[in-house]
Each structure stands twice: as structure tokens, then as C-alpha cells.
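Okay, here's what each chain looks like letter by letter:
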Amino acid sequence: MSTLLDWLKAAFSVQYQKKNEVNFPCPYCGHNAFYFNFRKKIGYCHRASCGRKPTLKDLIQIKGYGPTDWPAYWDPDPIIKITEKNIELPGVDLYTSRDNWAIDALRYRGISDRDICKWKITTTNTRIYIPIIQDYKIVQYVGRMIDRQKHPKDGFNTIIQPKYKYAEGNSISNFIFGWGEEMKNWKYLVLVENTFNAIAWRDKFNCSTNFGSNLSDAQIKLIYNSFIQKVILAWDDDAKTKVWNVAQKLSTHGIVVVIIEYTQSNQPDQVNFKLLEAAINTAIISAPPSYGSLIVRIEE
Ligand SMILES: [Zn+2]
């Protein structure tokens, strides 16, 4: 606890401390009756016209720096439970079984034979399974519904639910696809929502997926503890509000964020690939504002 208290005392004009609370002038309105509870990590301004209740993160944002050990104050601290039993991957190995319909369906999504082999993708009659391997261990899988009655090109267009199936135990939102030593050394990371896009674009521009339009504390922690300094968010356009929340979370952890926006298409794989590539390359080389995020907009 001492480091947080030290930081409060150094960063603000602390008048006095009483149990878990310190008093200092409100960082928003300057009123003297402002108290910050360093156990609950929340403050309260008693001036009626202000009444702000900043969190520790808010205070850090105001100051531009935090206590040296402040990642330890993440609230709530994520608990990642990894089940002991090995996750059984359903189906047969797609690469060796030469299931041509499934191979073609994946090819239409930009996934090569090499990818199929590398990521150990399997198939059953109704699903294509992509194992989530983290640090050499299968921790989850994504089972995507397929319709073999259709042409492989449209093979994923199915109304049968659930569209996605996961193994029981580990929440998919704890993981980042393909996480391991190689990724930890990347300087930047492009995140998309779709697992197929993540596989197809991985080598083109350090692409991966967080499996949807949210970044959990566990996923942020993975990124924070790696060498990745910049995250480029190329999520679907309907995730606009969420993207900003996540961008703010990442920035508070000193990670540079660039957001890719689209004017017409609403998913990165619907955009002309040359434009997408140009946008991501721009995102990679551009310096962001000193605080906050940078937007790269694809105009079609
Ligand atoms: Zn105030």
C-alpha cells in the first residue's frame, strides 16, 4: 500500500490522512473537501456543484503518471483459471485428412494450407475447429458452424445456432489468438474480431484476435507484460463505443492505440484490401498524439 500512498502524497498537496483516506484539494475544482480512499481507490469531492468521484485511474490520467507499482492496483484483478485437464480438440486433423470442402471454405477466407497445418485446424461434419494455443498449450478452441450443403465460398453462411462453440472451462476472453514467445516480441499488434482474418493476416501485419469487441483485463495484462508498444484496433464498425473504452484503458497503461475506421464497409474484411493494408501501414508508422489515440479512416 505504501507506494500508492507515497504517490498520492508526492502528486497532490495532501493535507492530512485519516485511516484509509487522504485529503487534498479537488483536482477538478480545487475545493478543500476532497477525500481519496486509497483502499477503495475512489475519491469524492464534497462541493455540491462539483461532486466528482474520480477513480485511481482518473487521478493517474490527470497527473500523466502513476505510482511505480500501479499495475498491481488494477480493479478487479483478473483471475485466470486454467483447467488442469487437457482440452480435447474435436474432429479430425484437416491437413492430413484432406477434407477438400473445408480446405476450400477456408481458402475463400484467405487461409492457406500452410496455415491449416500450422494452427492444427480440425473438422467435423458440422464445424471447423481452431485450437487456441497459448504458450504451447491448447487452452481453448473456436468451433465455427459450417454448412456442407453449400458451395465452400458460402460455407460459413448458416443460420444454425450456436454459430460458435467453445470448450468448457476457460473463458475465451482470457486469450489472444496465437499468444506465445513470437508475439510477445512484436513491437505492435493489429487486433481484429474475426479469427479467420487473424490467421490470414497474421504474417502480413502482426495480426491477431481477441475474439470479439472487448478487451478483458486478462488480455490487457498479456499485452502490458509483452514488448508490444502499439495496438492497432481494426474491429468491426459497430463496436465504435467499445473501441474507445478499450483505447482509453490501453492508453492508461502506456500502450499507444491507433483505431482503424471505415466510412462504408463495416468490417475490415469487406474493405478493399489495398486500402486496408495502406491504413494499417499508416497506423504502424504514425506517431500518436501525446495522450489518447489516433484514428486512421479508410475512405472508399
Ligand atoms: Zn471538486
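Below you will find a few notes about this structure. Keep in mind that what you see is a predicted model, and the values were worked out from it rather than measured. (Residues numbered from 1 in each chain as written. Predicted model: local features only at pLDDT ≥ 70, side-chain atom pairs only at ≥ 80, totals over all residues.)

### Looking at the nonpolar core
Counting residues in each nonpolar core, the largest one holds 56 residues, and the members touching the most others are Val190, Val231, Ile232, Leu233, Ala234, Val257 and Ile260. Take this core: its biggest share by element is 6 residues, from strand β13 (residues 256-262). Mapped onto the domain boundaries, this core takes at least three residues apiece from domain 2 (92-173) and domain 3 (181-298). Ignoring any residue separated from it by four or fewer positions in sequence, one finds Leu233 in contact with Leu191, Val243, Val246, Ala247, Val257, Ile259 and Ile260. (Core = buried A, V, L, I, M, F, W, Y, C linked by C-beta atoms within 7 Å. Buried ≥ 20, exposed ≤ 12 C-beta atoms within 10 Å, placed from the backbone. Helix = DSSP H or I, 4+ residues; strand = E, 2+ residues; numbered from the N terminus. Domains from an automatic or database assignment. Contact = placed C-beta atoms within 7 Å.)

### Focus: the environment of Asn197
With respect to the secondary-structure elements, Asn197 resides in helix α7 (residues 195-205). Taking the C-alpha atoms as reference points, Asn197 and Phe34, 163 residues apart in sequence, are found 49 Å from one another. Those residues in contact with Asn197, other than ones at most four positions away along the chain, are Val192, Pro268 and Asp269.

### Thoughts on the environment of Cys117
Relative to the helices and strands, Cys117 resides in helix α5 (residues 113-118). Take Cys117: there are 13 C-beta atoms within 10 Å of it, and that puts it in the partly exposed class. In sequence terms Cys117 and Ser286 are 169 residues apart; their C-alpha atoms lie 35 Å from each other.

### As for α7
One turn of the α-helix equals 3.6 residues, which is why residues spaced by three or four share an orientation. Counting buried residues along α7, 8 of its 11 residues qualify, which places the element largely inside the surrounding structure. Residues of α7 that are buried include every one of Thr195, Phe196, Asn197, Ala198, Ile199, Ala200, Trp201 and Arg202, and no others. In this structure, the buried side of α7 is in contact with α5, β7 (127-134), β8 (137-145), β10 (188-192) and β11 (207-209). Phi for Asn206, located one or two positions after α7, is positive at around 40°.

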